[in-house]
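One letter stands for each residue in the lines below.
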Amino acid sequence: MNTALLEATDLAVTYASSRGPVVALQGLNARLGAGEFLSVLGPSGCGKSTLLKVVAGLLAPSGGSITLEGAPITGPRRDVGIVFQQPTLLPWQTVLDNVLLPIRTLGMDGVAGRQRALELLELVGLAKFASHYPNELSGGMQQRVGIARGIIHDPKLLLMDEPFAALDAMSREHMMIELQRIWLATKKSVVFITHSIPEAVFLSDRIVVLSERPGRTVREVRVDLPRPRNIDTMASPAFASYANELRAFFSTLGTA
Ligand SMILES: Nc1ncnc2c1ncn2[C@@H]1O[C@H](COP(=O)(O)OP(=O)(O)OP(=O)(O)O)[C@@H](O)[C@H]1O
Ligand SMILES: [Mg+2]
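A brief structural summary.

Quick notes on the rules
Residues numbered from 1 in each chain as written. Chains lettered and ligands numbered in written order. Predicted model: local features only at pLDDT ≥ 70, side-chain atom pairs only at ≥ 80, totals over all residues. Heavy atoms only, no water. Helix = DSSP H or I, 4+ residues; strand = E, 2+ residues; numbered from the N terminus. Buried < 20%, exposed > 50% of the residue type's maximum accessible area, 1.4 Å probe, protein only. Contact = heavy atoms within 4.5 Å. 1 Å grid on protein atoms, 1.4 Å probe; cavity = no way out; pocket = protein on both sides within 12 Å on 5 of 7 lines; lining within 4 Å. Points joined across faces, edges and corners; volume = space filled by probe spheres on them. Axes fitted to C-alpha atoms, helices over the stretch in contact; angles between N-to-C directions. Left-handed = near helix turned anticlockwise from the far one by under 90°. Nonpolar A, V, L, I, M, F, W, Y, C, P; charged D, E, K, R; others polar. Salt bridge = Lys/Arg side-chain N within 4 Å of Asp/Glu carboxyl O. Core = buried A, V, L, I, M, F, W, Y, C linked by side-chain atoms within 4.5 Å. Phe/Tyr/Trp six-rings, centres within 6.5 Å; stacked < 30°, edge-to-face > 60°.

Considerations on the environment of Ala240
Following the sequence through the fold, Ala240 ends up in helix H8 (residues 237-253). What makes Ala240 partly exposed here is its relative accessible area of 31%.

A closer look at the side chain of Ser196
By the element assignment, Ser196 lies in the loop between strand S8 (189-194) and helix H6 (197-203). Discounting residues that sit within four places of it in the chain, Ser196 has contacts with Leu41 and Arg172.

Some details on the layout of surface pockets
For the largest pocket, the calculated volume is near 410 Å³. Along the wall of the largest pocket there are 17 residues; nearest its centre are Val80, Gly81, Ile82, Pro102 and His153. Mapped by element, the contributors of at least two residues to the lining of the largest pocket are strand S6 (80-83), helix H2 (95-105) and helix H4 (139-151).

Overview of unusual backbone geometry
It is generally the case that most residues other than glycine have a negative phi and that most peptide bonds are trans. A cis geometry characterises the amide bond from Arg213 onward to Pro214, with omega recorded as -5 degrees. Residue Pro228 follows Arg227 across a cis peptide bond; omega there is -5 degrees. Relative to the elements of secondary structure, Pro228 occurs in the loop between strand S10 (217-222) and helix H7 (231-234). Positive phi is not limited to glycine here, since Asp154 has a value of about 55 degrees. Along the chain, Asp154 turns up in the loop between H4 and strand S7 (157-161). Although it is not a glycine, Lys187 sits at a positive phi angle of roughly 55 degrees. Positionally, Lys187 belongs in the loop between helix H5 (169-186) and S8.

What about the packing of H2 against H4?
Two elements in contact, H2 and H4, have axes separated by 7 Å at closest approach and are oriented at 35 degrees. Regarding H2 and H4, the two cross each other, and that crossing is right-handed. For the pair formed by H2 and H4, the contact residues are Val95, Asn98, Val99 and Pro102 on the first element and Val145, Ala148 and Arg149 on the second. Considered class by class, the residues forming the contact of H2 with H4 number five nonpolar, one polar and one charged.

Section: the pattern of salt bridges
Per the counting criterion, the structure on display carries 13 salt bridges. Linking Arg104 and Asp97 is a salt bridge whose minimum nitrogen-to-oxygen distance equals 3.4 Å. Take Arg104: its relative accessible area is 34%, and that puts it in the partly exposed class.

Section: the nonpolar core
Of all hydrophobic cores here, the largest spans 51 residues; its most connected members are Val201 and Ile207. Of the residues forming this core, the biggest block, six residues, is contributed by H8. Residue contacts for Ile207: discarding those within four places in its chain leaves Leu38, Ser39, Leu41, Ala200, Val201, Arg219, Glu220, Val221, Val223 and Leu246. Counting 27 residues, the second-largest nonpolar core is a separate cluster that includes Ala30, Cys46, Val80 and Leu159.

Some details on the packing of aromatic side chains
Here the structure, examined in full by the defined rule, presents four aromatic pairs. Judged by centre distance (5.9 Å) and plane angle (55 degrees), the rings of Phe164 and Phe192 are tilted. Remark: Phe192 occurs in strand S8 and Phe164 occurs in the loop between S7 and H5; sequence separation between them is 28 residues. As far as burial versus exposure is concerned, Phe164 and Phe192 are alike and both buried. Look at Phe249 and Phe250: their rings are 6.3 Å apart centre to centre, the planes differ by 65 degrees, and that puts the pair in the edge-to-face class. The exposure class assigned to Phe249 is buried, which follows from its relative accessible area of 15%.

Take a look at the structure:
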């Protein structure tokens, strides 16, 4: 395999809390190749968001190592984009200004930045909503603004923490297809956190499965379904077979 873009080796994170130390991750191993779509699938509380914070450079590991292009991650980086579980848009700013926020913070918003924001709004299907305010959009539309904001500064790596968890089932399906389309168009490397088996199977090249807390890698599944995947993919026997295998695995862990 080529050199990994991102590599976690025996990663461990322990939080200090008033009730004593909480071991969130222990023995987590994962690697992400350039351009790859990797999902991290695991039960609630197993340390998925903790992993994302470590990759984002917001939290230092207590053990093991995490590297991006071979160098340890020591703090937040410009070449990483994050999409959170909630869209977290600024309600008093327009859709366009919300998308521009990361590059404004970096002092990079000029005419070119504005042009790129408009192109990304086109890509996420919201070209007509640039001057709207977040409360005029549905949850799924707000989440698409969040995705455009996550990639405006052209990061190599996009981190997504259960970005569709707050959406209803139909919007989720729609967003899965949208995200695949955006990923195929931009070819970003993605770490996608989820506890939804169908989401992980539909979107991923590979799935890393974590155990209950402390989260450690217990399984890795390569998903060989052809792309682009669509609604028919979800109804196919091959899709069901991946999903059933993962479901059966979680039931042996007692977490299904
Ligand atoms: N700041 C903190 N201090 C102490 N313990 C924490 C802190 N943040 C998280 N934890 C604990 O670490 C464990 C992992 O939390 P984390 O948020 O990473 O889980 P998760 O897999 O993202 O869960 P979910 O699927 O519900 O979002 C949990 O037991 C949580 O209570
Ligand atoms: Mg979480």
